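Notes for the structure review
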Amino acid sequence: MALSGAGATQSATTVSARLGNVSAVLVPLEVAPGDRVEHARDVLTASFVVVREPEARSTLSGWVAALAAADEERVLFALVGVRGIEPDVVLALTCWPEADAIVHGSAAAGSLVMLRREAALASARASVARGEEDPFAWLASIQAEHVDGVALGLAIPPPEAC
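Residues numbered from 1 in each chain as written. Predicted model: local features only at pLDDT ≥ 70, side-chain atom pairs only at ≥ 80, totals over all residues. Heavy atoms only, no water.

1. Things to note about the overall build of the protein chain
Counting its secondary structure elements, the protein chain contains five helices and five strands. Expressed as a percentage of its 162 residues, the buried residues of the protein chain come to 51%. In the protein chain, the proportion of contacts linking residues at least 24 apart, taken out of those at least 6 apart, comes to 80%. Of the roughly 6900 Å² of accessible surface on the protein chain, a fraction of 54% belongs to carbon and sulfur atoms. (Helix = DSSP H or I, 4+ residues; strand = E, 2+ residues; numbered from the N terminus. Buried < 20%, exposed > 50% of the residue type's maximum accessible area, 1.4 Å probe, protein only. Contact = heavy atoms within 4.5 Å. Areas by Shrake-Rupley, 256 points an atom, 1.4 Å probe, with all protein chains shown as cover.)

Okay, here's the thing in structure tokens:
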């Protein structure tokens, strides 16, 4: 799927992957309880070599910095909100057939977003150049494949059901 869209800024946290060709970025949302963030950090640390967190979570420029700093072909953004992340979902997304953008969950509650680095970086940079700084507006504007636990082959309810 092709990426196109609007934008926002953020300081990035790159995570070098143990799982294939994936880097990760941990983005705690303002609504995220501390225990959810710690759990997400533990899940990512178990799967990835290094977990860094963005200084500015709410800007597309920060997301651009995270994408630009990533060494891998794909980047997993863990948007931690009122709902945490599960190791099975992280693994399933890293194994998902290649797509430019895959989203599990919702931006409001928290989600995992797998992006192909080059396509996402070009789209996000174009949005920032237009003065668009909302990462969630950019994320909503790109052509992303939305998947739930069932689509990923997991026996868990969709995020909205939790």
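2. Structural notes on the nonpolar core
Grouped together as the largest cluster of nonpolar side chains are 25 residues, with contacts concentrated most on Leu 76, Ile 85, Leu 93, Leu 112 and Leu 152. Sorting the residues of this core by element identifies strand S1 (22-28), helix H1 (34-47), strand S2 (74-80), helix H3 (87-95) and strand S4 (110-116) as the ones contributing at least two each. Excluding residues within four positions of it along the chain, Leu 112 makes contact with Leu 76, Phe 77, Ala 78, Ile 85, Val 89, Val 90, Leu 93, Ile 102, Val 103 and His 104. Membership of the second largest hydrophobic core comes to 23 residues, among which are Leu 29, Phe 77, Val 113 and Trp 138. (Core = buried A, V, L, I, M, F, W, Y, C linked by side-chain atoms within 4.5 Å.)

3. Remarks on the packing of aromatic side chains
Using the criterion set out here, one finds three aromatic pairs in the structure. Look at Trp 63 and Phe 77: their rings are 4.7 Å apart centre to centre, the planes differ by 20 degrees, and that puts the pair in the stacked class. Separated by 14 residues along the polypeptide, Trp 63 in helix H2 (residues 60-69) and Phe 77 in strand S2 bring together distant segments of the chain. According to the relative accessible area criterion, Trp 63 is buried, its value standing at 1%. (Phe/Tyr/Trp six-rings, centres within 6.5 Å; stacked < 30°, edge-to-face > 60°.)

4. Details of the packing of H2 against helix H4 (residues 117-129)
At a closest axis distance of 9 Å, the pairing of H2 and H4 adopts a crossing angle of 150 degrees. As the angle between them shows, H2 and H4 are arranged roughly antiparallel. In terms of crossing hand, the pair formed by H2 and H4 is left-handed. Seen from H2, the contacting residues are Leu 60, Ser 61, Val 64, Leu 67 and Ala 68; seen from H4, they are Arg 117, Ala 120, Leu 121, Ala 124, Arg 125, Ser 127 and Val 128. When the residues that make up the contact of H2 with H4 are grouped by side-chain class, the tally is eight nonpolar, two polar and two charged. (Axes fitted to C-alpha atoms, helices over the stretch in contact; angles between N-to-C directions. Parallel < 35°, antiparallel > 145°, perpendicular 65-115°, else oblique. Left-handed = near helix turned anticlockwise from the far one by under 90°. Nonpolar A, V, L, I, M, F, W, Y, C, P; charged D, E, K, R; others polar.)

5. Concerning the environment of Ala 40
Within the element layout of this structure, Ala 40 appears in helix H1. When its relative accessible area of 0% is taken as the criterion, Ala 40 is described as buried. Sequence-wise, Ala 40 and Val 27 are 13 residues apart; in three dimensions their C-alpha atoms are separated by 9.7 Å.

6. Quick word on H2
Turning to H2, its buried residues number three or more, namely Leu 60, Gly 62, Trp 63, Val 64, Ala 66 and Leu 67. Tucked into the core, H2 has its buried residues touching S1, S2, S4, H4 and helix H5 (135-141).

7. Looking at the sheet that holds strand S5 (residues 145-147)
Across the sheet, which stays open at both edges, the five strands sit in the order S1-S2-S4-S3-S5 with mixed pairing between neighbours. Pairing within the sheet leaves two strands with one partner each, and these edge strands are S1 and S5. The mean inter-strand angle of the sheet, taken between neighbouring strand axes irrespective of direction, is 20 degrees. Seen against the sheet, H1 touches S1 and S2 and runs at an angle of roughly 160 degrees to S2. The strands touched by H3 are S1, S2, strand S3 (101-106), S4 and S5; relative to S4, the strand with the most contacts, the crossing angle is about 20 degrees. (Pairing = 2+ DSSP bridges.)

8. Observations concerning the side chain of Thr 94
Among the secondary structure elements, Thr 94 is positioned in helix H3. Residue class for Thr 94 comes out buried when judged on its relative accessible area of 10%. Only 2.7 Å separates the side chain of Thr 94 from the backbone oxygen of Leu 91, close enough to count as a polar contact. (Polar contact = N/O pair within 3.5 Å; in protein donor to acceptor, adjacent residues only side chain to side chain.)

Fair warning: the whole summary comes from geometry, so function is off the table for now.
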